[in-house]
Every structure is written in C-alpha cells, then in structure tokens.
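So the chains spell out like this:
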Amino acid sequence: LSVAESLALELEQQPLREAIALARAGKRKEALSRFDRGLILLRGAPGTVRARWFSARAFVRLRVRDEAGAHADFVQALAADARTACLGVGDLQDRGRLEPSYFDPCVDRFPEEDSLRVDRGVARFQAGDPAGAESDFRAALLLKPDSKFAAMSLASVLKGRQKAAP
C-alpha cells in the first residue's frame, strides 16, 4: 500500500466502525451524521475506501426508509470503485433490501460473479418477480453449479410456483 492508501485506511476504520455500531444500536440518525462527517474527510481517499463508506451509508439509509438517498449513495459507491461497491460490502440481509435495479450495473460490470445473480434474484423475489428471480438463480447455477444458496433459492421459487398453480 502507498502512504496515502495506508493513511486513508487508518482514517477510515475507527469512524466507520463507530458509524456502523451506532446504526446497529438503532441510532441511525446519529450514524448517518457520522457517515456524513467521515465522507467529507475522505474526499481524496482511494476509491475503495469511499466505496465502502458510501455503501455502508446506503444500507443505513435503507433502514430509515430513505430509498432515494440509498440509491444515490450506491451510485456514488459504484463511481468510486465498482468492485468494492458490488462485491465488497453488505450482508445478504441488507443486500436483499435493495431494489433489483441496483444490481443491474453490478451484473453488467461483473457478469461472471454468481453471487450478484443470487443477490438480484433475492431482490427480485422480494419485489414480487418470481420469474426474474428464477432466471437469476438459474444463471447463478450456470456460473457456479455447486452454489447451495442459488439451488435452495431456485427450489423455493419453483415450489412457490407449484403451490400457485391451479
């Protein structure tokens, strides 16, 4: 790492941990304020650092039902570093709260990543699009045939379709 990258990582860790801890403690408005201050300090930081911050703030915004703000943060994260924004942050529970369209640029940029297809499939299923979810789960299985999560998710979609059939 360069000196600038090392410094940025050092500056990032503590405030980011604090912001995430505040969010997990239910103090989401305080967490957003901490994110805002941190992002101002990190304007010249490497893209990977800024992408982590924007992505983390996007997930907090989703929890306070600020979908427009979350979307704007995700766009900023993609611009800062697409790989980090698409593959490096968020757990499945949080990522499942994103709109399916949030995953489109990620799937376009990283078509070989089965996890993105699974994430988008989960988002599509939760948005009421079982056909789109099925398509993504099948695509994920083509990319990684031993993906247990994709296989279980596809089975759930197919079972739901079977129950809905007359």
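In what follows, the structure referred to is the one given above.
Residues numbered from 1 in each chain as written. Predicted model: local features only at pLDDT ≥ 70, side-chain atom pairs only at ≥ 80, totals over all residues. Heavy atoms only, no water.

Enquirer: Describe in detail helix H7 (residues 100–109), supporting the description with residues and values.
Expert: Count 3.6 residues to each turn of an α-helix, and residues three or four apart come out pointing the same way. If you check which residues of H7 are buried, you get Pro100, Tyr102, Phe103, Cys106 and Val107. Seen end-on, H7 carries its buried residues on one side only, within an arc spanning 140°. (Buried < 20%, exposed > 50% of the residue type's maximum accessible area, 1.4 Å probe, protein only. Helix = DSSP H or I, 4+ residues; strand = E, 2+ residues; numbered from the N terminus. Arc of directions from axis to C-beta.)

Enquirer: Tell me about the nonpolar core, and name the residues and values.
Expert: Formed by 35 residues in total, the largest nonpolar core has its most connected members in Phe35, Trp53 and Leu78. Mapped by element, the contributors of at least two residues to this core are helix H1 (3–24), helix H2 (28–41), helix H3 (47–63), helix H4 (67–80), helix H5 (82–87), H7 and helix H8 (114–126). The element that contributes the greatest number of residues to this core is H3, accounting for nine residues. (Core = buried A, V, L, I, M, F, W, Y, C linked by side-chain atoms within 4.5 Å.)

Enquirer: Report on the packing of helix H9 (residues 130–143) against helix H10 (residues 148–164), specifying residues and quantitative values.
Expert: One can describe the packing of H9 onto H10 by two numbers: an axis separation of 9 Å at closest approach and a directional angle of 150°. It follows from the interaxial angle that H9 and H10 lie roughly antiparallel. Handedness of the H9/H10 crossing: left-handed. For the pair H9 and H10, the contacting residues are Pro130, Ala133, Glu134, Phe137, Arg138, Ala140 and Leu141 in the first and Ala150, Ala151, Ser153, Leu154, Val157, Leu158 and Arg161 in the second. Its residues assigned to classes, the contact of H9 with H10 shows 10 nonpolar, one polar and three charged. (Axes fitted to C-alpha atoms, helices over the stretch in contact; angles between N-to-C directions. Parallel < 35°, antiparallel > 145°, perpendicular 65-115°, else oblique. Left-handed = near helix turned anticlockwise from the far one by under 90°. Contact = heavy atoms within 4.5 Å. Nonpolar A, V, L, I, M, F, W, Y, C, P; charged D, E, K, R; others polar.)

Enquirer: With reference to specific residues and values, describe the packing of aromatic side chains.
Expert: Within the structure shown, the criterion is met by two aromatic pairs. With a centroid separation of 5.7 Å and 90° between ring planes, the pair formed by phenylalanine 35 and tryptophan 53 is classed as edge-to-face. Here phenylalanine 35 is found in helix H2, whereas its partner tryptophan 53 is found in helix H3, with 18 residues between them in sequence. For phenylalanine 35, a relative accessible area of 0% puts it in the buried group. (Phe/Tyr/Trp six-rings, centres within 6.5 Å; stacked < 30°, edge-to-face > 60°.)

Enquirer: I'd like to hear about the packing of H8 against H9, residue by residue, with values.
Expert: Here H8 crosses H9 at 165°, and the two axes come no closer than 8 Å. Taken together, the axes of H8 and H9 are roughly antiparallel relative to one another. For the crossing formed where H8 meets H9, the hand is left-handed. Two secondary-structure elements touch here, H8 through Asp114, Arg117, Val118, Arg120, Gly121, Val122, Arg124 and Phe125 and H9 through Pro130, Gly132, Ala133, Asp136, Phe137, Ala139, Ala140 and Leu143. Grouping the amino acids of the contact of H8 with H9 by side-chain chemistry returns nine nonpolar, two polar and five charged.

Enquirer: Summarise H4; cite the residues concerned and give the values.
Expert: Taking 1.5 Å of rise per residue, the 14 residues of H4 would be expected to cover 20 Å, and the 20 Å separating its terminal C-alpha atoms lies within 8% of that figure. Taken together, the buried positions of H4 are occupied by Gly69, Ala70, Asp73, Phe74, Ala77, Leu78 and Ala80. Where H4 is buried, its residues contact H3, H5 and H7. (Expected span 1.5 Å × (residues − 1).)

Enquirer: Talk me through the environment of arginine 57; I want residue IDs and the actual numbers.
Expert: If you trace the backbone, arginine 57 turns up in helix H3. The exposure class assigned to arginine 57 is buried, which follows from its relative accessible area of 10%. Along the backbone, arginine 57 and alanine 31 are 26 residues apart, and their C-alpha atoms lie at a distance of 8.3 Å. Apart from residues no more than four positions distant in its own chain, arginine 57 is found in contact with Leu32, Phe35, Asp36, Leu39 and Asp73.

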